[in-house]
Amino acid sequence: MNVLITGPPGVGKTTLLNEIKNKVRDSGYSIGGMYCPEIRENDRRTGFNIIDIASKRKGILASIHNTKGPSVGRYRINLDEIQDVGVLALKNALETSDYIFIDEIAPMELASSSFSQAVWEVMESQKPVIAVIHQRSNHPFILKVKNRKDVRIFSLTMENRDHILKKILEVLGDDKVL
(Lines give C-alpha, C1' and ligand atoms only; values in the text may rest on other atoms or scores of the structure.)
Protein backbone atom coordinates (compact mmCIF):
# COMPACT_ATOMS: atom_id res chain seq x y z
CA MET A 1 0.00 0.00 0.00
CA ASN A 2 1.31 3.40 -1.01
CA VAL A 3 -0.28 6.47 0.56
CA LEU A 4 0.23 9.91 -0.96
CA ILE A 5 -0.57 13.14 0.85
CA THR A 6 -1.08 16.23 -1.27
CA GLY A 7 -2.52 19.69 -0.77
CA PRO A 8 -1.74 23.37 -1.05
CA PRO A 9 1.37 24.88 0.57
CA GLY A 10 1.05 25.52 4.30
CA VAL A 11 -1.95 23.23 4.89
CA GLY A 12 0.03 20.84 7.12
CA LYS A 13 1.17 17.96 4.89
CA THR A 14 4.51 17.54 6.66
CA THR A 15 2.84 17.85 10.06
CA LEU A 16 0.40 15.08 9.10
CA LEU A 17 3.24 12.91 7.81
CA ASN A 18 5.08 13.39 11.12
CA GLU A 19 1.95 12.41 13.08
CA ILE A 20 1.67 9.19 11.07
CA LYS A 21 5.40 8.56 11.50
CA ASN A 22 5.13 8.99 15.28
CA LYS A 23 2.09 6.68 15.52
CA VAL A 24 3.89 3.99 13.53
CA ARG A 25 7.10 4.32 15.56
CA ASP A 26 5.17 4.35 18.86
CA SER A 27 3.53 1.09 17.78
CA GLY A 28 6.94 -0.59 17.65
CA TYR A 29 7.60 -0.52 13.92
CA SER A 30 10.89 0.58 12.40
CA ILE A 31 10.73 3.59 10.11
CA GLY A 32 13.02 4.96 7.44
CA GLY A 33 13.09 7.29 4.50
CA MET A 34 13.83 10.97 4.19
CA TYR A 35 12.45 14.43 4.72
CA CYS A 36 13.39 17.94 3.62
CA PRO A 37 12.78 20.68 6.19
CA GLU A 38 13.30 24.36 5.42
CA ILE A 39 16.52 26.20 6.17
CA ARG A 40 15.69 29.63 7.55
CA GLU A 41 17.99 32.62 8.01
CA ASN A 42 16.68 35.81 9.58
CA ASP A 43 13.07 34.59 9.25
CA ARG A 44 13.58 33.97 5.52
CA ARG A 45 13.62 30.58 3.79
CA THR A 46 16.98 30.17 2.10
CA GLY A 47 16.91 26.48 1.28
CA PHE A 48 16.08 22.95 2.33
CA ASN A 49 17.97 20.25 4.19
CA ILE A 50 17.66 16.59 3.29
CA ILE A 51 17.66 14.23 6.29
CA ASP A 52 17.71 10.43 6.60
CA ILE A 53 14.98 9.52 9.11
CA ALA A 54 16.76 6.43 10.45
CA SER A 55 20.38 7.58 10.65
CA LYS A 56 19.72 11.34 11.05
CA ARG A 57 22.39 11.97 8.39
CA LYS A 58 21.86 15.45 6.97
CA GLY A 59 22.77 17.32 3.81
CA ILE A 60 21.63 20.39 1.93
CA LEU A 61 19.05 19.62 -0.76
CA ALA A 62 18.85 23.14 -2.17
CA SER A 63 19.94 26.64 -1.26
CA ILE A 64 19.97 30.17 -2.60
CA HIS A 65 23.69 30.11 -1.69
CA ASN A 66 24.58 27.16 -3.97
CA THR A 67 26.47 28.24 -7.08
CA LYS A 68 26.10 25.05 -9.10
CA GLY A 69 23.41 22.50 -9.82
CA PRO A 70 20.07 22.76 -11.58
CA SER A 71 17.70 25.54 -10.57
CA VAL A 72 14.18 25.23 -9.23
CA GLY A 73 12.82 28.70 -8.59
CA ARG A 74 15.50 30.68 -6.79
CA TYR A 75 17.19 27.57 -5.39
CA ARG A 76 20.12 25.58 -6.76
CA ILE A 77 19.80 21.82 -6.23
CA ASN A 78 22.65 19.81 -4.71
CA LEU A 79 22.52 16.57 -6.71
CA ASP A 80 25.34 14.98 -4.68
CA GLU A 81 23.39 15.39 -1.41
CA ILE A 82 20.23 13.94 -2.95
CA GLN A 83 22.28 10.90 -3.88
CA ASP A 84 24.38 10.64 -0.70
CA VAL A 85 21.53 11.28 1.76
CA GLY A 86 18.12 10.90 0.09
CA VAL A 87 18.69 7.97 -2.26
CA LEU A 88 20.77 6.15 0.33
CA ALA A 89 18.05 6.72 2.97
CA LEU A 90 15.44 5.15 0.68
CA LYS A 91 17.65 2.19 -0.20
CA ASN A 92 18.47 1.61 3.48
CA ALA A 93 14.78 1.88 4.43
CA LEU A 94 13.96 -0.74 1.82
CA GLU A 95 16.38 -3.11 3.53
CA THR A 96 15.78 -2.34 7.22
CA SER A 97 12.48 -0.52 7.86
CA ASP A 98 8.89 -1.69 8.24
CA TYR A 99 7.48 1.62 6.91
CA ILE A 100 9.03 4.09 4.46
CA PHE A 101 8.34 7.83 4.63
CA ILE A 102 9.16 10.42 1.95
CA ASP A 103 8.77 14.17 2.38
CA GLU A 104 8.54 14.99 -0.43
CA ILE A 105 8.26 13.89 -4.06
CA ALA A 106 8.55 17.24 -5.81
CA PRO A 107 10.52 19.00 -8.58
CA MET A 108 13.58 19.72 -6.41
CA GLU A 109 14.12 16.09 -5.44
CA LEU A 110 13.26 14.92 -8.96
CA ALA A 111 16.17 16.90 -10.38
CA SER A 112 17.99 13.65 -9.60
CA SER A 113 17.03 10.70 -11.80
CA SER A 114 18.47 8.34 -9.18
CA PHE A 115 15.97 9.77 -6.66
CA SER A 116 13.00 8.96 -8.89
CA GLN A 117 14.40 5.46 -9.47
CA ALA A 118 14.73 4.94 -5.68
CA VAL A 119 11.17 6.21 -5.10
CA TRP A 120 9.81 3.82 -7.72
CA GLU A 121 11.79 0.95 -6.20
CA VAL A 122 10.37 1.49 -2.70
CA MET A 123 6.86 1.88 -4.09
CA GLU A 124 7.25 -1.43 -5.92
CA SER A 125 8.18 -3.16 -2.66
CA GLN A 126 5.77 -4.83 -0.25
CA LYS A 127 6.50 -2.19 2.39
CA PRO A 128 3.99 0.58 3.08
CA VAL A 129 5.19 3.91 1.68
CA ILE A 130 3.71 7.15 2.99
CA ALA A 131 4.79 10.19 0.99
CA VAL A 132 4.01 13.85 0.52
CA ILE A 133 3.70 14.60 -3.19
CA HIS A 134 3.58 17.92 -5.02
CA GLN A 135 -0.02 18.87 -5.71
CA ARG A 136 -0.04 20.74 -9.01
CA SER A 137 3.09 19.56 -10.78
CA ASN A 138 2.78 18.15 -14.28
CA HIS A 139 6.20 16.49 -13.92
CA PRO A 140 5.91 13.13 -15.76
CA PHE A 141 7.23 11.16 -12.79
CA ILE A 142 4.76 12.77 -10.35
CA LEU A 143 1.89 11.95 -12.70
CA LYS A 144 3.20 8.37 -13.07
CA VAL A 145 3.31 7.94 -9.28
CA LYS A 146 -0.16 9.40 -8.79
CA ASN A 147 -1.57 7.03 -11.41
CA ARG A 148 -0.26 3.83 -9.83
CA LYS A 149 -3.01 1.30 -9.09
CA ASP A 150 -1.63 0.65 -5.58
CA VAL A 151 -1.81 4.31 -4.51
CA ARG A 152 -4.35 6.06 -2.30
CA ILE A 153 -4.17 9.85 -2.56
CA PHE A 154 -5.35 12.01 0.31
CA SER A 155 -5.85 15.71 -0.47
CA LEU A 156 -5.32 17.63 2.73
CA THR A 157 -7.38 20.79 3.28
CA MET A 158 -7.94 23.12 6.20
CA GLU A 159 -11.41 21.56 6.56
CA ASN A 160 -10.38 17.89 6.70
CA ARG A 161 -6.99 18.04 8.36
CA ASP A 162 -8.31 17.26 11.85
CA HIS A 163 -9.78 13.87 10.88
CA ILE A 164 -7.70 12.67 7.93
CA LEU A 165 -5.06 11.05 10.19
CA LYS A 166 -7.56 8.40 11.30
CA LYS A 167 -8.57 7.70 7.69
CA ILE A 168 -4.97 7.19 6.61
CA LEU A 169 -4.25 4.88 9.53
CA GLU A 170 -7.33 2.86 8.59
CA VAL A 171 -6.08 2.55 5.00
CA LEU A 172 -2.71 1.35 6.28
CA GLY A 173 -4.83 -1.32 7.93
CA ASP A 174 -2.82 -2.16 10.99
CA ASP A 175 -4.81 -2.32 14.20
CA LYS A 176 -1.60 -1.95 16.22
CA VAL A 177 -1.00 1.49 14.73
CA LEU A 178 -4.56 2.66 15.41
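Use the structure listed above.
Residues numbered from 1 in each chain as written. Predicted model: local features only at pLDDT ≥ 70, side-chain atom pairs only at ≥ 80, totals over all residues. Heavy atoms only, no water.

**So, helix α1 (residues 13-26)**
Here's step 1: Here α1 is 14 residues long and its end C-alpha atoms lie 20 Å apart, about the 20 Å a rise of 1.5 Å per residue gives.
Here's step 2: Along α1, the residues that are buried comprise K13, L16, L17, I20, K21 and V24. The arc that holds every buried residue of α1, seen down its axis, measures 140 degrees, which confines them to one face.
Here's step 3: Looking at the buried side of α1, the elements it contacts are β1 (2-6), β2 (31-35), β8 (99-105), β9 (129-133) and α5 (164-172).
Here's step 4: With its phi angle positive at about 95 degrees, G28 sits one or two positions after the end of α1. (Helix = DSSP H or I, 4+ residues; strand = E, 2+ residues; numbered from the N terminus. Expected span 1.5 Å × (residues − 1). Buried < 20%, exposed > 50% of the residue type's maximum accessible area, 1.4 Å probe, protein only. Arc of directions from axis to C-beta. Contact = heavy atoms within 4.5 Å.)

**Points about the nonpolar core**
Here's step 1: Counting residues in hydrophobic clusters, the biggest one holds 33 residues, and the most contacted among them are L90, I102, I105 and F115.
Here's step 2: Elements represented by at least two residues in this core include exactly β4 (44-52), β5 (58-63), β7 (75-77), α2 (79-96), β8, α3 (113-124), β9 and α4 (140-146).
Here's step 3: The element contributing the most residues to this core is α2, with 7 residues.
Here's step 4: Those residues in contact with I105 that lie beyond four places of it in its chain are L110, V119, A131, V132, I133, H134, F141 and I142.
Here's step 5: Y29, F101, L156 and L172 belong to the second-largest nonpolar core, a separate cluster that totals 22 residues. (Core = buried A, V, L, I, M, F, W, Y, C linked by side-chain atoms within 4.5 Å.)

**Looking at the pairing of β5**
Here's step 1: Looking at chain direction, β4 and β5 are connected through 5 bridges and run antiparallel. When the bridges of β5 are listed, I51 appears paired with K58.
Here's step 2: Bridge count for β5 against β7 is 2 bridges, and the pairing is antiparallel. Following the sheet pairing, A62 is matched in β7 by I77. (Pairing = 2+ DSSP bridges.)

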